[in-house]
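Chains, contacts and geometry: an overview
Take a look at the letters that make up each chain.
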Amino acid sequence: MIVGVPKEVKRDEYRVAMLPVGVEELVRAGHSVLVERNAGIGSGLPDALYEQAGATLVDTAAEVFATAELIVKVKEPQPAELALIRPGQILFTYFHLAADRGLTEKLLASGVTAVAYETLSDDQGRLPLLTPMSEVAGRMSIQEGAKYLERPQMGRGILLGGVPGVAPANITVLGGGVVGANAAKVAAGFGANIGLLDINMDRLRYLDDIMPANVDVLFSDRHTVREQLSRADLVIGAVLIPGAKAPRLIERADLALMKPGSVIIDVAIDQGGCVETSRPTTHSEPTYIVDEVLHYCVTNMPGAVGRTSTYALCNVTLPWVLRIAKLGIAAAAKQLPPVARAINLIDGEVTNRAVAETFGLPYSERLVSPAR
Ligand SMILES: NC(=O)c1ccc[n+]([C@@H]2O[C@H](COP(=O)([O-])OP(=O)(O)OC[C@H]3O[C@@H](n4cnc5c(N)ncnc54)[C@H](O)[C@@H]3O)[C@@H](O)[C@H]2O)c1
């Protein structure tokens, strides 16, 4: 199969969908790989490394899309890319279609086979191609929180770990899933005092077993959230109800409980955010202040640490790229249920129930195997 890797064109996106080692593995398996020049530059991966691994470098995305049968990307196709897609081409990337009717309709009209990272689920219902980005965002949320608590960034002027004789920061993490657990772990390493809140008792028991002593694992209800807000220097929003808008745990009136200069990092902003006053921001303008509380609501946090994120993403996507390239999409969907679940659109039909229901479009069962 001919596999294509265009350079990402979305604003503030520095990741690339394939490492040089991915090119080498595909070429070893008998495929050919086209890589757009400078595709890896944002992640510190120069063209020469791709060339040495066996890629053919091309100057434009148009050349990649004109030739490749399987396109591997990071972000959903942008307008300039939509114009280049050919019917029957396989596009393997993050789509988040349920959030964008216009994109869904354009992709349906293009006849592309849309294989979405975010719906590739294993037999336990886990989402292995989303997890690494949650790990990155969770760990990064503390790094960003530490930065914005500094006075020149309009924060309270607090050092997360304190120093001998001065108390460390209080951090509240709302949601103890992948983002929340990673945030709490990094914050604990800094020596902060952490309240980690969730509503899933099994998850709370697990977190209680594995978290260090400076993490209090707490059941999340209105009283606990408000009590935490009155103490917190830094709040991390990390809740998720799969497939739904994030639950709102902090109302505008609650901001009055918080100290002036405290910071909210609402990682859940990509699902609408768990704070009433959250609105999406970008890496160029990441923060704003409401009622003296600094808000950071960047929707694609991992993009800023492109090199780490590229490695974390490619480690988990490459095995699937190799499988799809080897089998072709029809056989891959038949033999590998996670691939079937990842296909959102094929030949102008919607094969993901949530996307179909969101937009009132007909749902096609052509990929549902009798066993499921
Ligand atoms: N902004 C970004 O760049 C970025 C990057 C990665 C992930 N995210 C987002 O971060 C969010 C969290 O992702 P995740 O991978 O950790 O999800 P997850 O499913 O692993 O964890 C979510 C947790 O929230 C808990 N929860 C649900 N309702 C709650 C409530 N009312 N109170 C307390 N906890 C509650 C769940 O029990 C679960 O443990 C998602 O919205 C995800 O899309 C954003």
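The preceding data block contains the structure.
Residues numbered from 1 in each chain as written. Predicted model: local features only at pLDDT ≥ 70, side-chain atom pairs only at ≥ 80, totals over all residues. Heavy atoms only, no water.

Helices and strands together make up the secondary structure of the chain, namely 13 helices and 15 strands. At 22 Å, the chain has a C-alpha radius of gyration in line with the 21 Å of a compact globule built from 372 residues. Across the 372 residues in the chain, those meeting the buried criterion constitute 53%. Considering only intrachain contacts with a sequence separation of at least 6, the fraction spanning at least 24 residues in the chain is 61%. For the chain, the computed accessible surface area is about 16300 Å², with 53% contributed by carbon and sulfur atoms. (Helix = DSSP H or I, 4+ residues; strand = E, 2+ residues; numbered from the N terminus. Rg over C-alpha atoms; globule rule 2.2 N^0.38 Å. Buried < 20%, exposed > 50% of the residue type's maximum accessible area, 1.4 Å probe, protein only. Contact = heavy atoms within 4.5 Å. Areas by Shrake-Rupley, 256 points an atom, 1.4 Å probe, with all protein chains shown as cover.)

Moving on, we come to the sheet that holds strand 7 (residues 170-174). Taken in spatial order, the seven strands line up as 9-8-7-10-11-13-12 in an open sheet, and their pairing is mixed. Strands at the two margins of the open sheet, each flanked by one partner only, are strand 9 (215-219) and strand 12 (287-290). Along the sheet, successive strands turn relative to each other by an average axial angle of 20 degrees, direction set aside. The pairing of strand 7 with strand 10 (residues 234-237) spans four bridges and is parallel. Note that in strand 10 the partner of valine 173 across the bridge is isoleucine 236. Helix 8 (residues 201-210) contacts strand 8 (193-198) and strand 9 of the sheet and is inclined by roughly 165 degrees relative to strand 9. (Pairing = 2+ DSSP bridges. Axes fitted to C-alpha atoms, helices over the stretch in contact; angles between N-to-C directions.)

A grouping of Leu159, Val163 and Val166 is seen on the molecular surface, where their side chains present a nonpolar patch of about 280 Å² in accessible area. Within the secondary structure layout, leucine 159 lies in the loop between helix 6 (131-148) and strand 7. (Patch = residues over 30% accessible without salt bridge, like charges linked within 9 Å, V, L, I, M, F, W, Y side chains within 5 Å. Salt bridge = Lys/Arg side-chain N within 4 Å of Asp/Glu carboxyl O.)

Another point: the packing of aromatic side chains. By convention here, two paired aromatic rings are described through the distance between centres and the angle between planes. Scanning the model with the defined rule gives three aromatic pairs in all. Where phenylalanine 92 meets tyrosine 117, the ring centres are 4.7 Å apart and the plane angle is 85 degrees; that geometry is what we call edge-to-face. With a gap of 25 residues between them, phenylalanine 92 in strand 5 (residues 90-93) and tyrosine 117 in the loop between strand 6 (113-116) and helix 6 connect regions that are remote in the sequence. The two residues phenylalanine 92 and tyrosine 117 agree in class, both being buried. Taking 4.8 Å as the distance between ring centres and 85 degrees as the angle between the ring planes, the aromatic pair formed by tyrosine 94 and tyrosine 117 counts as edge-to-face. With tyrosine 94 in the loop between strand 5 and helix 5 (101-110) and tyrosine 117 in the loop between strand 6 and helix 6, the pair connects residues that are 23 residues apart, well separated along the chain. Neither tyrosine 94 nor tyrosine 117 differs from the other in exposure class; each is buried. Through successive ring pairs, a cluster of aromatic residues spans Phe92, Tyr94 and Tyr117. Positioned above the aromatic ring of tyrosine 288, the side-chain terminus of arginine 279 is 3.8 Å from the ring centre. (Phe/Tyr/Trp six-rings, centres within 6.5 Å; stacked < 30°, edge-to-face > 60°. Lys NZ or Arg CZ within 6 Å of the ring centre and 35° of its normal.)

Let us now look at helix 6. Taking 1.5 Å per residue as the helical rise, helix 6 with its 18 residues ought to reach 26 Å, and the 25 Å between its terminal C-alpha atoms agrees with that figure. Where helix 6 is concerned, the buried positions are Pro132, Met133, Val136, Ala137, Gly138, Met140, Ser141, Ile142, Glu144, Gly145, Ala146 and Tyr148. (Expected span 1.5 Å × (residues − 1).)

Let's shift gears to the side chain of histidine 31. Relative to the helices and strands, histidine 31 is located in the loop between helix 1 (20-28) and strand 2 (32-36). Residue classification places histidine 31 among the buried residues on the basis of a relative accessible area of 11%. Here the side chain of histidine 31 touches methionine 1 through a polar contact of 3.0 Å, landing on its backbone nitrogen. In this structure, histidine 31 is in contact with Met1, Leu26, Ala325 and Lys326, ignoring residues within four places of it in sequence. (Polar contact = N/O pair within 3.5 Å; in protein donor to acceptor, adjacent residues only side chain to side chain.)

Turning our eyes to something else, we now look at the sheet that holds strand 14 (residues 343-346). Think of a sheet as strands paired side by side through backbone hydrogen bonds, with each pair either parallel or antiparallel. Pairing within the open sheet is mixed, and its eight strands lie in the order 3-2-1-4-5-6-14-15. A single partner strand is all that each edge strand has here, and the edge strands are strand 3 (56-58) and strand 15 (349-350). Sheet analysis places strand 5 next to strand 6, joined by four bridges and oriented parallel. The residue of strand 6 that forms the bridge with phenylalanine 92 is valine 115.

Next up on the list: the site of the ligand. Neighbouring the ligand are 27 residues; Ser134, Val179, Asp198, Asp270 and Met301 lie closest to it. Within the side chain of serine 134, a nitrogen or oxygen atom sits 2.7 Å from an oxygen atom of the ligand. A distance of 3.2 Å is found between an oxygen atom of the ligand and a backbone nitrogen or oxygen belonging to leucine 240. If the ligand stood free it would expose 860 Å²; the protein chains cover 85% of that surface. When contributions to the shell around the ligand are tallied by element, the ones reaching two or more residues are helix 6, helix 7 (178-190) and strand 8. The element that contributes the greatest number of residues to the shell around the ligand is helix 6, accounting for three residues. For the shell around the ligand, a count of residues per class yields 16 nonpolar, nine polar and two charged. (Near = heavy atom within 4 Å. Nonpolar A, V, L, I, M, F, W, Y, C, P; charged D, E, K, R; others polar.)

A few words now on the pattern of salt bridges. Two side chains bearing opposite charge may form a pair once their charged atoms approach each other closely. The tally for this structure, following the rule as stated, stands at 18 salt bridges. Residues aspartate 347 and arginine 366 are paired through a salt bridge, measuring 3.1 Å at the closest nitrogen-oxygen approach. Residue aspartate 347 is located in the loop between strand 14 and strand 15, and its partner arginine 366 is located in the segment after helix 13 (353-359); the two are separated by 19 residues in the primary sequence. What emerges from the salt-bridge pattern is a single network uniting Glu8, Lys73 and Glu81.

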